[in-house]
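# A look at the structure
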Amino acid sequence: MKALIVAPSWIGDTVLAQPLFMRLHQRTPGLRLDALAPRWVAPVLERMPEIAQVVDSPFAHGELSLKTRHRLARQLAEGGYQRAYVLPNSLKSALVPFFADIPERIGFVGEKRYGLINRRHTLDKARLPQMAERFAQLAESAGDPLPRPLPLPSLNSSSAQRSATLASLGVDLPGKLAIFCPGAEYGPAKRWPARHFATLADALAERGYAVWLLGSAKDRPIAEQIAGQTRQTRPRNLCGSTSLAQAIDVLAAATFVVCNDSGLMHVAAALGRPLVAVYGSSSPAFTPPLSEHAQVLSLKLECSPCFKRECPLGHLDCLNKLDPQRVLNACLAGSSA
């Protein structure tokens, strides 16, 4: 059996899809599972033992490009795929497997994809409250109950990979390392304030921890704000200085990680690192970090989760009022567990 995954376009969603990949291998021994994915999430899939090959999906967010999709589909048709699992719910995401004449095309109905998806699932949000559960449901026959518990995501990072990454970045691994991931691609209503991160960094520095800031180039200004507000040793700002593959290895080397609800949060969880996840406008009931080593902190205010990019009330109390001392206590408890 040879199957193709049409992967999500977000790092966190891609990590949350791994329980589906694990289930597919459990159900079909000898399965070869390839993934069609945007290049910005490909490094995550390459660290999953369930994925044999990642095929580049060259399309930008929202881009239709029918001719390019058809050309890519004809190349994939030569691969002899018998099934395709289409994880995004958009109509565009179902076009390539359809053009490639893959016999079974499995997914949720989504944007009325009748014909494009021929093994259709209908989403019951009450029965499948978590995103990872919705992905995993595609391993079952339509309407069948989802076996629980789900297997937990698990990304690979070998000691050799970690050593090579640290050497390429020109950094030495400290004895105690706290990594902060202060960004969140979705928007500021997911970001714990820079001043709180700075207060936490000072408290950890007093306890002998080195603090590194990790994220994309877009997160570098936020990281600079954090570093500029600290009183102790200035944290090392790696935002924008690593590839995603390198970020995976850096996270794997951490004593513990503090993250907003972001893609790197899910990566850290899948690496099994002690993790403190701070939630504001989003909901840990929908996209929790799937790890036995993760602690979720949320004030659970009446106005949250609102799922907005910016606070509609203008006060961002869900994050401003989440005290650094509470996060520090969680960090120290998690690192000693």
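Check the entry above for the structure.
Treat the numbers as computed from the prediction; the structure is a model and nothing was measured.

## A word on the packing of aromatic side chains
As enumerated under the stated definition, the model contains four aromatic pairs in all. Centre to centre, the rings of Phe98 and Phe99 are 6.0 Å apart; their planes meet at 55°, and the pair counts as tilted. Among the residues examined, Phe98 registers a relative accessible area of 35% and is labelled partly exposed. Among the aromatic residues, ring-to-ring pairing joins Phe180, Trp192 and Phe197 into one connected group. Positioned above the aromatic ring of Tyr81 is the side chain of Lys2, whose terminal nitrogen or guanidinium carbon lies 4.8 Å from the ring centre. Over the face of the ring belonging to Phe59 we find Arg69, whose NZ or CZ atom lies 4.0 Å from the ring centre.

## Re the pairing of strand 8 (residues 210-213)
Of the pairings in the sheet, the one linking strand 7 (residues 177-181) to strand 8 comprises four bridges and is parallel in character. Each bridged residue has a counterpart across the sheet, and for Leu177 the counterpart in strand 8 is Ala210. This β-α-β element, strand 7 to helix 8 (residues 194-205) to strand 8, shows right-handed connectivity. Here strand 8 pairs with strand 9 (residues 236-237) via two bridges, running parallel. Residue pairing in the sheet places Trp212 in a bridge with Arg236 of strand 9. Following the backbone out of strand 8, through helix 9 (residues 220-229) and into the adjacent parallel strand 9, one traces a crossover that is right-handed.

## Some thoughts on the side chain of Arg47
Among the secondary structure elements, Arg47 is positioned in the loop between helix 3 (42-46) and strand 3 (53-56). A distance of 2.9 Å separates the side chain of Arg47 from the backbone oxygen of Asn156, its partner in a polar contact. For Arg47, the contacting residues outside a window of four places in its chain are Ser154, Leu155, Asn156, Ser157, Gln161, Ala245, Ile248 and Asp249.

## Considering the state of the cysteines
Overall, the coordinates contain zero disulfides when judged by the stated rule. Here Cys181 stays free of any disulfide, with the sulfur of Cys259 as its closest cysteine sulfur at 3.5 Å. Assessed through its relative accessible area of 1%, Cys181 is described here as buried. The structure places no disulfide on Cys303, whose sulfur is separated from the nearest cysteine sulfur, that of Cys318, by 6.2 Å.

## Some remarks on the nonpolar core
Residues Ile5, Phe21, Ile179 and Leu251 are the most contacted members of the largest nonpolar core, which totals 60 residues. Excluding its chain neighbours within four sequence positions, the residues that come into contact with Ile5 are Leu20, Phe21, Leu24, Leu33, Asp34, Ala35, Leu36, Tyr85 and Leu87. Among the nonpolar cores identified, the runner-up in size contains 31 residues, and Ala178, Ala194, Leu200 and Tyr209 belong to it.

## Let's talk about the packing of helix 10 (residues 244-252) against helix 11 (residues 263-270)
Their axes nearest at 9 Å, the elements helix 10 and helix 11 cross at an angle of 50°. The angle between helix 10 and helix 11 places the two elements in the oblique class. Regarding helix 10 and helix 11, the two cross each other, and that crossing is right-handed. Contact residues: Leu244, Ala247, Ile248 and Leu251 in helix 10; Leu264, Val267 and Ala268 in helix 11. Across the contact of helix 10 with helix 11, the residue classes tally to seven nonpolar, no polar and no charged.

## Considering helix 9
Those residues of helix 9 not exposed but buried are Ile222, Ala223, Ile226 and Ala227. Mapping the buried residues of helix 9 onto a view down its axis gives an arc of 135°, with all of them on the same face.

## Comments concerning the sheet that holds strand 1 (residues 2-6)
Reading across the sheet, the six strands line up as 3-2-1-4-5-6 and stay open at both edges, with parallel pairing between neighbours. Two strands lie at the open edges of the sheet, namely strand 3 and strand 6 (119-121), each paired on one side alone. Across the sheet, the mean angle from the axis of one strand to that of its neighbour is 20°, orientation sign disregarded. In this sheet, strand 3 lies alongside strand 2 (residues 32-37) in parallel orientation, the contact comprising four bridges. Each bridged residue has a counterpart across the sheet, and for Ala37 the counterpart in strand 3 is Asp56. Against the sheet, helix 4 (residues 66-77) makes contact with strand 1, strand 2 and strand 3, and its axis sits at roughly 155° relative to strand 3, the strand it touches most.

Thresholds applied
- Residues numbered from 1 in each chain as written.
- Predicted model: local features only at pLDDT ≥ 70, side-chain atom pairs only at ≥ 80, totals over all residues.
- Heavy atoms only, no water.
- Phe/Tyr/Trp six-rings, centres within 6.5 Å; stacked < 30°, edge-to-face > 60°.
- Buried < 20%, exposed > 50% of the residue type's maximum accessible area, 1.4 Å probe, protein only.
- Lys NZ or Arg CZ within 6 Å of the ring centre and 35° of its normal.
- Pairing = 2+ DSSP bridges.
- Helix = DSSP H or I, 4+ residues; strand = E, 2+ residues; numbered from the N terminus.
- Right-handed = clockwise from strand over helix to strand, strands pointing away.
- Polar contact = N/O pair within 3.5 Å; in protein donor to acceptor, adjacent residues only side chain to side chain.
- Contact = heavy atoms within 4.5 Å.
- Disulfide = S-S within 2.5 Å.
- Core = buried A, V, L, I, M, F, W, Y, C linked by side-chain atoms within 4.5 Å.
- Axes fitted to C-alpha atoms, helices over the stretch in contact; angles between N-to-C directions.
- Parallel < 35°, antiparallel > 145°, perpendicular 65-115°, else oblique.
- Left-handed = near helix turned anticlockwise from the far one by under 90°.
- Nonpolar A, V, L, I, M, F, W, Y, C, P; charged D, E, K, R; others polar.
- Arc of directions from axis to C-beta.

Spatial relationships are all this shows, so hold off on functional conclusions.
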